[in-house]
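Given next are the chains, with one letter for each unit.
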Amino acid sequence: MAAARDLRAMEMAGDDDAVELAKRHLVQPWPYAGSVGNEARALIGEGDGIYITDVTGKRLIDGPAGMWCINVGHRREELARVMYDQAMMLSYNTPWYTMNAPSAELAKRIADHAPGDLSHTFFTTGGSSAVETALRFMQFYNNVRGRPEKKLILSRGGAYHGSTYLSASLNGRPRDRDWMDGADDLVVKLSSPDPFRRPKGIDIAAFTDFLVDQFRDTVARVGPEKIGAFVGEPVQASGGVVVPPDGYLKRIREICRDNDILYISDEVVTGFGRLGHVFASGDAFGIDPDMITFAKGVTSGYFPLGGVIISERLLQEMRRSNHPDALFGHGLTYTSHPIGCAVALKNLDILEDGVLAHTREVAPYFQARLKTLEELPLVGEVRGMGLMGCVECVADRESKDPLQLDKDVGKRIDAHCHELGLLVRPLINMCVMSPPLIITRAQIDDMVAILREGISRTMDDLRKEGVWQG
Ligand SMILES: Cc1ncc(COP(=O)(O)O)c(C=O)c1O
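Parameters and conventions
Residues numbered from 1 in each chain as written. Predicted model: local features only at pLDDT ≥ 70, side-chain atom pairs only at ≥ 80, totals over all residues. Heavy atoms only, no water. UniProt positions renumbered as here; feature names shortened; annotations may be inferred. Buried < 20%, exposed > 50% of the residue type's maximum accessible area, 1.4 Å probe, protein only. Helix = DSSP H or I, 4+ residues; strand = E, 2+ residues; numbered from the N terminus. Pairing = 2+ DSSP bridges. Axes fitted to C-alpha atoms, helices over the stretch in contact; angles between N-to-C directions. Contact = heavy atoms within 4.5 Å. Near = heavy atom within 4 Å. Areas by Shrake-Rupley, 256 points an atom, 1.4 Å probe, with all protein chains shown as cover. Nonpolar A, V, L, I, M, F, W, Y, C, P; charged D, E, K, R; others polar. Parallel < 35°, antiparallel > 145°, perpendicular 65-115°, else oblique. Left-handed = near helix turned anticlockwise from the far one by under 90°. Phe/Tyr/Trp six-rings, centres within 6.5 Å; stacked < 30°, edge-to-face > 60°. Lys NZ or Arg CZ within 6 Å of the ring centre and 35° of its normal. Core = buried A, V, L, I, M, F, W, Y, C linked by side-chain atoms within 4.5 Å.

Going by the annotation in an unreviewed UniProt entry, the name recorded for the protein is Aminotransferase, with Mesorhizobium caraganae given as the source organism. Looking at the Sequence similarities (unreviewed entry) heading of the UniProt record, one finds this comment for the protein: "Belongs to the class-III pyridoxal-phosphate-dependent aminotransferase family." Under Cofactor (unreviewed entry), UniProt gives the following word-for-word description of the protein: "pyridoxal 5'-phosphate".

Participant: Which parts of the structure should I look at to understand the pairing of strand β5 (residues 152-156)?
Facilitator: Taken residue by residue, a regular strand's side chains alternate between the two faces of the sheet. For β5, the tally of buried residues reaches 5 of 5 residues, placing the bulk of the element in the interior. Burial along β5 is two-sided: the residues Leu152, Leu154 and Arg156 and Ile153 and Ser155 are all buried. Pairing analysis gives 3 bridges linking β5 to strand β7 (residues 227-232), with the strands arranged parallel. Counterpart to Ile153 in the pairing with β7 is Ala229. In this sheet, strand β6 (residues 187-190) lies alongside β5 in parallel orientation, the contact comprising 4 bridges. For Ile153, the partnering residue across the bridge sits in β6 and is Val187.

Participant: Which parts of the structure should I look at to understand the sheet that holds strand β9 (residues 291-294)?
Facilitator: Sheet strands associate in pairs through backbone hydrogen bonding, adopting either a parallel or an antiparallel arrangement. Ordered in space as β4-β10-β9-β8-β7-β5-β6, the 7 strands form an open sheet in which the pairing is mixed. Both outer strands of the open sheet, β4 (118-124) and β6, are each paired with one neighbouring strand and no more. Within this sheet the neighbouring strands show an average axis-to-axis angle of 20°, counted without direction. Sitting on the sheet, helix α9 (residues 248-258) is in contact with β5, β7 and β8 (262-266), with an inclination near 145° to β8.

Participant: Honestly, the site of the ligand in this entry has me stumped. Any pointers?
Facilitator: In the region of the ligand, the neighbouring residues are Gly126, Gly127, Ser128, Tyr160, His161, Gly162, Glu233, Asp266, Val268, Val269 and Lys296. Within the complex, 84% of the 390 Å² of free accessible area of the ligand lies under protein. Within the shell around the ligand, the residues separate by chemical class into 3 nonpolar, 5 polar and 3 charged.

Participant: It is not clear to me how the sheet that holds strand β14 (residues 425-427) should be interpreted in this structure. Could you clarify?
Facilitator: The sheet built from 4 strands is open, its strands ordered β11-β12-β15-β14 with antiparallel pairing. Each edge of the open sheet is held by one strand with a lone partner, namely β11 (379-385) and β14. Looking at each pair of strands side by side, their axes are set apart by 20° on average, direction ignored. With 3 bridges joining them, β14 and strand β15 (residues 430-433) adopt antiparallel strand pairing. Across the sheet, residue Arg425 finds its bridge partner in β15, namely Val432.

Participant: Would you explain the side chain of Thr359 in this entry?
Facilitator: Locating Thr359 in the fold gives a position in helix α12 (residues 338-371). Every residue in contact with Thr359, bar those within four places of it in the chain, is listed here: Gly273, Arg274, Gly276, Leu387 and Leu437.

Participant: Any chance you could explain the packing of helix α8 (residues 204-222) against α9 here in plain terms?
Facilitator: Between two packed helices, what matters for the description is the angle formed by their axes and the separation of those axes. Following both chains from N to C, one finds α8 and α9 inclined at 15°, their axes separated by 10 Å at the closest point. Put simply, α8 runs roughly parallel to α9. The handedness of the crossing between α8 and α9 comes out as right-handed. Mapping the contact onto sequence places Thr208, Asp209, Leu211, Val212, Phe215, Arg216 and Val219 in α8 and Tyr248, Arg251, Ile252, Ile255 and Cys256 in α9.

Participant: In this structure, what is going on with unusual backbone geometry? I would like to understand it.
Facilitator: Outside of glycine, negative phi angles account for most residues, and trans bonds account for most peptide bonds. Even without glycine at this site, Ala65 takes up a positive phi of about 50°. Topologically, Ala65 is positioned in helix α3 (residues 65-68). Of note, Val241 is a non-glycine position whose phi angle comes to about 50°, a positive value.

Participant: What am I meant to see in the packing of aromatic side chains here?
Facilitator: For any two aromatic rings, the description comes down to two numbers: the centre-to-centre distance and the angle of the planes. Applying the stated criterion to the full structure yields 11 aromatic pairs. Considering the side-chain rings of Phe215 and Phe230, the 5.3 Å spacing of their centres and the 85° angle between planes classify their relative orientation as edge-to-face. Here the residue Phe215 occupies a position in helix α8, and Phe230 occupies one in strand β7, the gap between them amounting to 15 residues. For Phe215, a relative accessible area of 2% puts it in the buried group. The buried category is assigned to Phe230, whose relative accessible area is 0%. Counting every residue linked through ring pairs, the aromatic cluster contains Phe123, Phe272, Phe279 and Phe294. Above the face of the Trp30 ring, Arg173 is positioned so that its terminal group lies 5.5 Å from the ring centre. Sitting over the face of the ring of Tyr365, Arg441 holds its NZ or CZ atom 4.8 Å from the ring centroid.

Participant: Explain the nonpolar core to me, please; I cannot follow it from the model alone.
Facilitator: A general feature of soluble globular proteins is that nonpolar side chains tend to end up buried together. Ranked by size, the top nonpolar core spans 61 residues in total, and within it Leu370, Leu451 and Ile455 carry the most contacts. Ranked by residues supplied to this core, first place goes to α12 with 13 residues. Counting residues in each nonpolar core, the second largest holds 34 residues, with Ile227, Cys256, Ile261 and Ile287 among its members.

Participant: Explanation requested: the pairing of strand β2 (residues 51-54) in the structure shown.
Facilitator: Pairing analysis gives 4 bridges linking strand β1 (residues 44-48) to β2, with the strands arranged antiparallel. Across the sheet, Gly47 pairs through a bridge with Ile52, a residue of β2. Counting the residues between successive antiparallel strands, the hairpin from β1 to β2 contains 2 residues, one of them, Gly49, with a positive phi of roughly 65°. Bridge count between β2 and strand β3 (residues 59-62): 3 bridges; the pairing is antiparallel. What sits directly across from Thr53, in β3, is Arg59. Hairpin connection from β2 to β3: 4 residues lie between these consecutive antiparallel strands, with Gly57 at a positive phi of about 95°.

Pasting the structure below:
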């Protein structure tokens, strides 16, 4: 341990080098053309519990838990140890014609938690590859069943499903696709189930009916014989923590069942504890999808792992089909990685041994404390579920204008919060909060106090600059 810390200290002595090297050699995710390959981002040196420390020595609450993933917190010795032990036992085996025990055991434990008849898991390297796998499986399934026309995918505004070509084609957040190509001929887009941005003058019940009618009408118009799957996050995460109206997901699930459209629930964010359950589809929303995709929290971000859980019914239909020789030509070098699966097993132990219960216990407090930020005039709405929250800023509450004059208000708030000791996930005019699930009430108080101050300072700046007069 001491040696590891010395090594970190040596690395930290080279901060300036790291920044220079990054600017010269690193392409970071989601860059703008004007700075691609020439960008320095906040350099993080250490993590411990709910905190990270940047290389200036400033300790920050990890508000987004990395990217919704450090569920059991940073620096968990038992996770580090299990990775070491597994690497010393078996660091890798080819999944093409061999297998390992941790992946089989993990698949069994996942099936125990999964809703309905979801029984088998295909492991991937992360969320995008999980969604991609689910979609390729749907295509293969319909080919094998003699329905090659049944391939279109229904997706919604505000969705985020990944950065591979097909998964990214489903994305519906503003700006993501402006400069990017996609398989648009394969995707049919529907409205976001965002109650805050529902059409003016209709209540939530009418909005829910509108969404369900739109779904049903779209299926009828396009033709159920052409639609293979619907893909949806139970709570749209990167779209701004959009919690759908009550009953909406169940009604969509029924329409899918009636029309033989596979329901793929993307639990890359909501899975493994974020809403207090291993899977939210069944336990929080009462639905039994045909497939669930997961990643991130499955290893609490300690190892890149994801997967798709598939219904027993689908597998049996394939096994009974007239095409036993049809090949699902899909697999990744790191499918069923033994180290990833071993760390996921230990992570699941930790979740089951108290972290899930703690999340359910502390979540109402988290939501209530965040909600107090609606007192600030820049804040249009605070919403969330479990340990996912979003503070959405607006120019004025009547028009709900997302701050036309300054689309990057989230970044301004993040900059102030960084000074004050909190890392925020800025999303255009929103700040998304999803701390490690081990956060205590006192730490929630600290987090909300800093966020309040960061928003207040941002309001002062906007007023001074004449951008906003609220
Ligand atoms: C709901 C959802 N699906 C898929 C993905 C893609 O996961 P990854 O970045 O691990 O490929 C994300 C990533 O944030 C996500 O939020």
